[in-house]
Structure formats: C-alpha cells, structure tokens
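Secondary and tertiary structure notes
Residue-level listing of the chains:
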Amino acid sequence: MIKTKPFSIPKDIVQQAYQRVKDNRGSAGIDEMSLERFEEGRKEHLYRLWNRMSSGSYMPSPVKLVEIPKQGGGKRPLGIPTITDRIAQMVVTMTLGPELEQVFHKDSYGYRTRKSALEAVGKARKRCWKYDWVLDLDIKSFFDNIPHDLLIRAVGKHTDCKWVLLYIKRWIIAPYQHTDGSLTERKKGIPQGAVISPLLANLFLHYCMDEWLRMYYPDCPFERYADDSVIHCKTEAQTVELKEALDGRMKACGLELHPVKTKIVYCKDGNRRKDYSDVQFDFLGYTFRARKAMNKQGEYFTSFIPAVSNKAKMAMRTKMRIWKLHRKGGSDLTKLAKLINPVVQGWINYYGAFYKAELHLVLDHVNRLLVKWAMRKYKRLKDHKVRAINWMAEIAQRSPSLFAHWRIGVKPLVG
C-alpha cells in the first residue's frame, strides 16, 4: 500500500523556488552551506526538502543573526536563514504571493511585481504639488516588533492551506543564533533578510495601515514601500489629527511611531510660503524640498521636488573610496570602466530619474578620482593637475561612452 503525503506540494515548485533563491544569491546561514556547495548536491537536497515539507516534518534551522551598521548610527539586525530554509520560504511565497497581490493597495510599492521604488517617488512628487502637507512616517523597529498573533490572523484571512500556515508559524518563532552560538528566542517580529519577510510585512501593514487609512482617511493618499511611508494632507490641522490617530492605531497593532523621526512637513515652494519648522523630507533615497525648476517657456520658478538625498550621496562617496582607484596603477581606463560602470549605471538609473543635476555633482567626483589615478600612473602627469584634467577630457571626447557617467554628459572639463 502506497503511503500518501499529508501535504500535496508539487516537486516542480521546489525546483523553481531554488532557482529564484540561486538568482538572488546571498550568503550562507548557520550551517555555512554556500550556494556553490548546495548546487553540488542539488537533487538530493531538493528532494529531501520536498519530502519533509510534504510530510510535515520540515523544521527550520535557527536564523543567523548579523548586525550591519546603519547610516545614521547604530546597528540593524539582519537575519540570514539557511539556503534550505530560503528555498522553503520561497515555495510559500510563490504559493501565497499571487493571492495577496490581488488585495494589496495600489499605493503599496515594496517588493511587488510591476511596482518599483521610483514609481512611488514619482507618485509622491505629483501629490506634493497637490497637497500642502505631508506626514513623514517612521515606524520604530518595525520588523522586530510585528506581533505574531496578529500576523497569523492576517495570513489566515487569505489561505486555509494547512502547510502554508504551519511553516509560517515555525519560521516566525525560529530563534536567532548569535556569532558565539548562543540562541535568542523570538516572541515577536520577523527577520529582515528572510525570503518570506517582505510578503508578511506587506500583509501586516496592509491591515494595520493601508486599509485603516482607506476606511478612516480616504482623502489622505499615501505611498508606502515596505515600512517607509508618506501620507499627504490638505491642511496642517488634518495632518496633526492624522498623526495622533495613526499613533493610536499603531499602538493597537503592537507598533510605535518613532517620536522624533515621524514628522509633519510643509511642502513649501514659490506659491506656498508659510513659515514652518520642517519643509523637507527623505523618501526612498530622495530628498523632497523646494528647488529651482524651469517651465516649458524656459522660465525659472521654485517647486517642491525630489533629488538624490544627502544620505545617498554619502553612500556613493563611501563606495567610491572603497574602489581606491588611485592605487590601481596596473590597470588601464578600460579595466577601470569595467570595474565601476555597473555601479555608476545603477546610480544613474535610480537617482537620475528626478532632478539629474544634483546627481551630476556627485558623479563629477568620479572624474576627479580618474584624474588622480592618471597623475599617479603617468610620470608626465605627476604634479600637473591641469594637464591631467585636459588629458582625461580629450579621452572623454574621443571615447564618450567609455564610462557610464560620460554617456550622460558628466565629463572632465578642459582646464
């Protein structure tokens, strides 16, 4: 007599999940098994995982805890599941995700198909022209504080699949393992870094915030990317009321608005001239504030628009320092271009979408690093900065597509 598995999980979805995890790369969990090592025994590993998930005997390993520095100081806890656990979580994400995608709000942009951070920035830009006030939200330690009971209740509203519910319950209570091997029990929160976490985070905030706003503040549109959100209001009084009400709502859901980082912002520009303490905010790597702009008639005016934020600029400059281009004397310009172009092009694609001039000022620093490299590499250019700038400018004129930032016109100027 052939024994049937209690859970019917197709083998091919496990294979598809593995391919997605492989494409996403990532480091090893507590078992120290890399993707390369997993690939060597792929068939055996995937069959064992499928067999355990189908039988209900699959139990996740503890989550490797890594603390990474935050730009504003302090450290952010990052949870890294094993590759096997990441594949299992991807199986559930692929199963539950399409169902949840149908119910998520149109202005929830984080980690969703056919949605992007730039789309959220663009929508916020348009709404800041229409609405005078913004509530800039910061949820204190969001991922670490999500209540498990409310989360499971939200999942249960959208699936009665027993194995999906079973494994989500096991993942959210899997302990953290520290570098010394000690374990920390988890009674709330979900790990940042886990495959399933973005989907669960979106679902929790869908009910905690998105649906609440739709029901009680339908005239206050918002943009949300995971836990990064801004809400638009018509008046200061409406914004103050919303802030107080949303603070109560968050507390009822086990969360807390950051008392300092959550702020009311006045979208001051050429027409809106009220004096107010906060007249700018950051959202998804962009700073929204009053800036000079030009209309179709070529006339300048002051508009409330986004440009690359100071935090993003600092991160780019830090990356440039890590390159240490001036020390790569054995390289030529083609090799340097191959090294930095993918990164610089990524910056251009994202931070060049709005108010490009601000990004160009940052990218011009790449030219200064290239000039510094040339002065170090060639004796005839040593201690001759103007000569080195002119030499680099001539190359940019002959080969304007060699470096990604040269292609958009950020080239060395003849001294």
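Residues numbered from 1 in each chain as written. Predicted model: local features only at pLDDT ≥ 70, side-chain atom pairs only at ≥ 80, totals over all residues. Heavy atoms only, no water.

This structure, assessed with the given rule, holds 18 salt bridges. Here E101 and R112 are joined by a salt bridge, their closest N and O atoms 2.8 Å apart. One end of the pair, E101, is in helix α4 (residues 83–101); the other, R112, is in the loop between α4 and α5 (117–130), with eleven residues separating them in the sequence. Between D275 and K268 there is a salt bridge, with its nearest N and O atoms 3.5 Å apart. Salt bridges sharing common partners tie together K106, D107, R127 and E223. (Salt bridge = Lys/Arg side-chain N within 4 Å of Asp/Glu carboxyl O. Helix = DSSP H or I, 4+ residues; strand = E, 2+ residues; numbered from the N terminus.)

Moving on to unusual backbone geometry. Even without being a glycine, E32 presents a positive backbone phi close to 60°. Relative to the elements of secondary structure, E32 occurs in the loop between α1 (11–24) and α2 (35–40). Here L284, not a glycine, exhibits a phi torsion of approximately 55°, which is positive. Within the secondary structure, L284 sits in the loop between β9 (281–283) and β10 (286–294).

Here the focus is the sheet that holds strand β2 (residues 75–80). Strand order in this open sheet of four strands is β2-β1-β4-β5, and the pairing throughout is mixed. Only two strands of the sheet have a single partner each, and these edge strands are β2 and β5 (183–184). (Pairing = 2+ DSSP bridges.)

Its 14 residues give helix α3 (residues 42–55) an end-to-end C-alpha distance of 20 Å, which sits within 8% of 20 Å, the value for a rise of 1.5 Å per residue. Within α3, the full set of buried residues consists of H45, L46, L49, W50, M53 and S54. Viewed end-on, α3 has its buried residues packed into an arc of 155°, placing them on one side of the element. Remark: G56 follows α3 within two positions and exhibits a positive phi of approximately 85°. (Expected span 1.5 Å × (residues − 1). Buried < 20%, exposed > 50% of the residue type's maximum accessible area, 1.4 Å probe, protein only. Arc of directions from axis to C-beta.)

Attention now moves to the packing of α4 against helix α8 (residues 162–173). Two numbers describe how α4 lies on α8: the axes approach to 11 Å, and their chain directions differ by 135°. Here α4 lies oblique to α8, going by the angle between them. As α4 runs across α8, the sense of the crossing is left-handed. Every residue of α8 that contacts α4 at D85, A88, Q89, V91, V92, T95 and L96 is listed here: W163, V164, I168 and W171. Taken together, the residues of the contact of α4 with α8 break down into eight nonpolar, two polar and one charged. (Axes fitted to C-alpha atoms, helices over the stretch in contact; angles between N-to-C directions. Parallel < 35°, antiparallel > 145°, perpendicular 65-115°, else oblique. Left-handed = near helix turned anticlockwise from the far one by under 90°. Contact = heavy atoms within 4.5 Å. Nonpolar A, V, L, I, M, F, W, Y, C, P; charged D, E, K, R; others polar.)

Here we come to the nonpolar core. In this structure, I87, W163 and I168 are the most contacted members of the largest nonpolar core, which totals 70 residues. Once residues lying within four places of it in the same chain are set aside, the contact partners of W163 are F7, S8, I9, M53, V91, V92 and T95. One finds F281, W323, L325 and V362 within the second-largest nonpolar core, a separate group that totals 51 residues. (Core = buried A, V, L, I, M, F, W, Y, C linked by side-chain atoms within 4.5 Å.)

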